[in-house]
Amino acid sequence: MSRLPLRSKLIPAAAVLALCGLATVAVTHETPAPARSTADDSTADGLSLRCPAGESRTYRFEMDTTQSARLLEAEQRGHLALAGLVELRCHAEGPQGTVVGVRFGELDTARLDVAGQAALTPAATRALIGPEAVATLDAQGRFTGWQAPADAPPLFGHLSRGVLAELVVSLDAEPGALTWTTTAPTSLGVVAVAYTRLPDARDGAAQVERRPTGFERLDALPPGASADGAGRADRADRIEVDVEGEARAEISAGRVRTLAGTTSVQAFAADGRTLLDVTTRADFTLTAVGQFDPVGARAALATLAPALPADLPAADPALERRLLEARVDGLTFDGLTDDLLEFANGGAMPDHNRWLWRATGLLIAEPARCRELVPLFEDPHLTQEARALLLDLLANAGHADAQAALRAALDGETARTVPEAAALYQRVALLEAPDAETLTWALERHAGAPEALAGATAVSLGAVTGLRARQGDAEGAAVGNAALLRTVAAAGDPAAREVAVLALGNAGLPQNQVHLERLAADPDACVRAAVATALRKTATPEARATLLGLLGDAEPTVQRAAGKVLGTQTLDDETLTVLAARIAGGEIGDAAWPGLLTALAQRPDEPAARIVYAAMLRRPGLDPLLAERIRGLLGS
């Protein structure tokens, strides 16, 4: 499993309906390698892929994808079924490389359902048949560009790109290689793929197997954060992405003659909930090889839209709009405000999660209406729960208009004077991609905050500062972080220091590690526990060393906080060895163990982890429930 950050409660519609090409590999093309007098020659020739100008290839195909995504705690389902004929056409060499076209013939099945709504009309299906899109392949066979007709439906470009990517196998640069790896642009992001050369078929056709091994970039998560090439998260609230499956292809005379495979992608929250579940099945069989006039086709190619990078996430504005309409499902703005006045005072709506999904969709579809919620926020008939729900809608909609409305509501008389003002203000921390205006506003509100709001403004400023840093706003984040450090330095009493430390932790910036390390020796236990919590977004060796020190704190609350944070990390053998020795020596109390066991459960059968289990079980007076959990992890 590769770890990636969970960046939002809202996955974009393009990702929810990627639904094609999820098991794809990079489209590549290689000319035959020069003949060599070695035993590898037959292997290299058997895998050579050729696309001579003027050749067309017709495949009968079936692709079927099911997807479910848990968004705002409501499960949304999608299904794509596409079957019929698809034609590949080998065009002449262009200035950027080889050009390969794809167009659909007859479609026996074309069905796209989202949240129980049909998103592909008969007219839209007919529009998929006929247009031709092309991929450009460079001299090394890399998929570098993609072009689709400007007058074709955006969905056509998305589906045809996925079909073409499925059909052409990526080869290794070294002739005769039995295994190789590559990366590939897919509808969900950039995936790493491993290939294996299998024994030839009985008739001499070459056979290969490909397996996805993990995502290098997952576009199913919204903008605002990303994972690096190793799949490490840049935030502590990570998800796990599990990619499994395989596809097998037969290659004969330089052509893929059959390809069949199944791939599944699952994303899990830290608490084990399944957030995303996608399964794709693809089956292609070559039925005919023909010829076309590549010279006559050049005029049509000249009218194509400018080339886009192959790994650019696919977008379809028309489909996005249809999905948004399906999400809103008839809810009007008047209906939204009526619901807030009638039901929200109780803190929940009938069918609450579905209502949230529809209401935030409406605010995304009609951004200007967000401003109209500001006067409603001031309505004296609203309770704290209703006002909090209204702010939640704005924070989850998240666009510029929603953020402006959120700021305006919190600047009003009600938000400044009601007893629950601090709790309302912290809704700012729910924003996933705060803009520069929100950071400036958060800085101003924190600088001028009354004592009752000082903590809330600090915590929210920390969250906004960290998110702006991860959005690339280094200058703005530096200003925000400097304000947070001044707050820590000025905090005189323990309660103020505790909140200031938590605010610094919300930012999660690596440069704050040295400040948090000093605060780990604070005389107040609540401040030391806050330091442990604040390090949850800083997965560095230095931060881990501070957490290991806090595990030995005399106060169980500090131990518990440090163990909980370490429980979210993958602990290496060196750290586990230190843990075992310190547990055996009685330096780490069992208050920290529940969190540590969560980390150990990721590798229960490894020797270093089992040594820690053994040290725990030898501890005199061990709680029976903890002992039972440890034995369960040991399988004994």
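Computed from a predicted model, the values in this text were never measured in an experiment.

The next subject is the overall build of the protein. The number of helices and strands found in the protein is 25 helices and 14 strands. A burial count over the protein gives 54% of its 636 residues as buried. Once local pairs closer than 6 in sequence are excluded, the contacts in the protein between residues at least 24 apart make up 70%.

Take the side chain of Arg 197 next. Its location among the elements puts Arg 197 in strand S9 (residues 189-198). Relative accessible area serves as the criterion here: at 11%, Arg 197 is assigned to the buried category. Among the polar contacts listed, one links the side chain of Arg 197 to the side chain of Asp 200, at a separation of 2.7 Å.

Counted under the stated rule, the structure contains 27 salt bridges. Taking the shortest distance from any N to any O, the salt bridge between Glu 587 and Arg 582 comes out at 3.4 Å. Here Glu 587 falls in the partly exposed class, since its relative accessible area comes to 45%. Shared partners join several salt bridges into a network, and the residues in it are Glu 209, Arg 211, Glu 246 and Arg 248.

Within the structure shown, the criterion is met by one disulfide. Note on cysteine connectivity: Cys 51 is disulfide-linked to Cys 90, with sulfurs 1.9 Å apart. Of note, the bridge from Cys 51 to Cys 90 carries an S-S torsion of about -95 degrees and is left-handed in sense. Of this pair, Cys 51 sits in the loop between helix H2 (41-47) and strand S2 (55-71) while Cys 90 sits in strand S3 (residues 74-94), and the two are 39 residues apart along the sequence. A relative accessible area of 13% places Cys 51 in the buried class. In this structure Cys 90 comes out as buried when scored by relative accessible area, which is 1%.

Where helix H20 (residues 541-551) meets helix H22 (residues 573-584), the axes come as close as 12 Å, and the angle between the chain directions of the two elements is 10 degrees. Accordingly, the angle class assigned to the pair H20 and H22 is roughly parallel. Judged by the twist between their axes, the crossing of H20 over H22 is right-handed. Listed contacts from H22 to Arg 544, Leu 548, Gly 549 and Leu 551 of H20 are Thr 575, Leu 579 and Arg 582. Among the residues forming the contact of H20 with H22, the class breakdown is three nonpolar, two polar and two charged.

What follows covers the packing of aromatic side chains. Overall, the coordinates contain five aromatic pairs when judged by the stated rule. Seen in terms of ring centroids, Tyr 425 and Trp 441 are 5.3 Å apart; in terms of plane orientation they differ by 15 degrees. Their pairing is stacked. Placement of the pair is Tyr 425 in helix H13 (residues 421-425) and Trp 441 in helix H14 (residues 436-447), with a sequence separation of 16 residues. When sorted by exposure, Tyr 425 lands in the same class as Trp 441, which is buried. Aromatic rings pair up to connect Phe 61, Phe 104, Phe 156 and Phe 284 into one cluster. Looking at Arg 89, its charged tip hangs above the ring of Phe 292, at a distance of 4.3 Å from the centre. The residue whose ring lies beneath Arg 327 is Trp 357, and the NZ or CZ to ring-centre distance is 3.7 Å.

The terminal C-alpha atoms of helix H10 (residues 384-397), which comprises 14 residues, lie 20 Å apart, in line with the 20 Å expected from a rise of 1.5 Å per residue. Among the 14 residues that make up H10, twelve are buried, leaving the element largely enclosed by the rest of the structure. For H10, every residue scored as buried is listed here: Ala 386, Arg 387, Ala 388, Leu 389, Leu 390, Leu 391, Asp 392, Leu 393, Leu 394, Ala 395, Asn 396 and Ala 397. Contacts made by the buried residues of H10 are with helix H7 (333-342), helix H8 (352-365), helix H9 (373-377), helix H11 (400-411), helix H12 (413-417) and H13. A positive phi of about 80 degrees marks Gly 398, the residue just after H10.

Attention now moves to the nonpolar core. Formed by 100 residues in total, the largest nonpolar core has its most connected members in Leu 340 and Leu 394. When residues of this core are assigned to their parent elements, the largest contribution, nine residues, is made by H10. If we skip the residues at most four places from it in the chain, Leu 340 touches Asn 345, Met 349, Trp 355, Leu 373, Leu 376, Leu 382, Ala 386, Leu 389 and Leu 390. Formed by 57 residues, the second largest nonpolar core is a distinct cluster that contains Ala 152, Phe 156, Leu 159 and Val 241.

To continue, consider the confidence of the model for the protein. Here the protein averages 81 in pLDDT, and 83% of its residues register 70 or above. Note on residues 1-45: pLDDT under 50 across the span, and 174 contacts to partners over four residues away in sequence or across chains. Note that pLDDT drops below 50 for residues 221-237; the model gives that stretch 44 contacts with residues more than four away or on any other chain.

Looking now at the pairing of strand S6 (residues 133-137). Extensive coverage of S6 is indicated by the burial of five of its five residues. Of the two faces of S6, the one holding Ala 133, Ala 135 and Leu 137 and the one holding Val 134 and Thr 136 are both buried throughout. Relative to S6, strand S4 (residues 97-114) runs antiparallel, the two being bridged by five bridges. By the bridge assignment for S6, Val 99 is matched with Thr 136.

Our next topic: the pairing of S9. Counting buried positions along S9 yields eight of ten residues, so the element is predominantly enclosed. Turn length for the strand S8 (residues 179-186)-S9 hairpin, with the two strands adjacent in sequence and antiparallel, is two residues. As paired strands, S9 and strand S10 (residues 206-218) are joined by ten bridges and run antiparallel to one another. For Tyr 195, the partnering residue across the bridge sits in S10 and is Arg 210.

Between helix H24 (residues 607-617) and helix H25 (residues 624-634), the least distance of the axes is 10 Å, while the angle of their chain directions is 150 degrees. The angle between H24 and H25 places the two elements in the roughly antiparallel class. The way H24 lies across H25 gives a crossing that is left-handed. Where H24 abuts H25, its residues Arg 610, Tyr 613, Met 616 and Leu 617 lie against Ala 627, Ile 630, Arg 631, Leu 633 and Leu 634. Within the contact of H24 with H25, the residues separate by chemical class into seven nonpolar, no polar and two charged.

Quick look at helix H4 (residues 154-167) now. Helix length check: H4 (14 residues) gives 21 Å between terminal C-alpha atoms against 20 Å at 1.5 Å per residue, within 8%. In terms of burial, H4 is a largely internal element, 13 of the 14 residues being buried.

Next up on the list: the environment of Gly 586. Relative to the assigned elements, Gly 586 resides in the loop between H22 and helix H23 (593-600). Exposure remark for Gly 586: the relative accessible area of 48% places this residue in the partly exposed category. For the pair formed by Gly 586 and Ala 615, sequence separation is 29 residues and the distance between their alpha carbons is 9.7 Å.

What counts and how
Residues numbered from 1 in each chain as written. Predicted model: local features only at pLDDT ≥ 70, side-chain atom pairs only at ≥ 80, totals over all residues. Heavy atoms only, no water. Helix = DSSP H or I, 4+ residues; strand = E, 2+ residues; numbered from the N terminus. Buried < 20%, exposed > 50% of the residue type's maximum accessible area, 1.4 Å probe, protein only. Contact = heavy atoms within 4.5 Å. Polar contact = N/O pair within 3.5 Å; in protein donor to acceptor, adjacent residues only side chain to side chain. Salt bridge = Lys/Arg side-chain N within 4 Å of Asp/Glu carboxyl O. Disulfide = S-S within 2.5 Å. Axes fitted to C-alpha atoms, helices over the stretch in contact; angles between N-to-C directions. Parallel < 35°, antiparallel > 145°, perpendicular 65-115°, else oblique. Left-handed = near helix turned anticlockwise from the far one by under 90°. Nonpolar A, V, L, I, M, F, W, Y, C, P; charged D, E, K, R; others polar. Phe/Tyr/Trp six-rings, centres within 6.5 Å; stacked < 30°, edge-to-face > 60°. Lys NZ or Arg CZ within 6 Å of the ring centre and 35° of its normal. Expected span 1.5 Å × (residues − 1). Core = buried A, V, L, I, M, F, W, Y, C linked by side-chain atoms within 4.5 Å. pLDDT = per-residue confidence, 0-100. Pairing = 2+ DSSP bridges.

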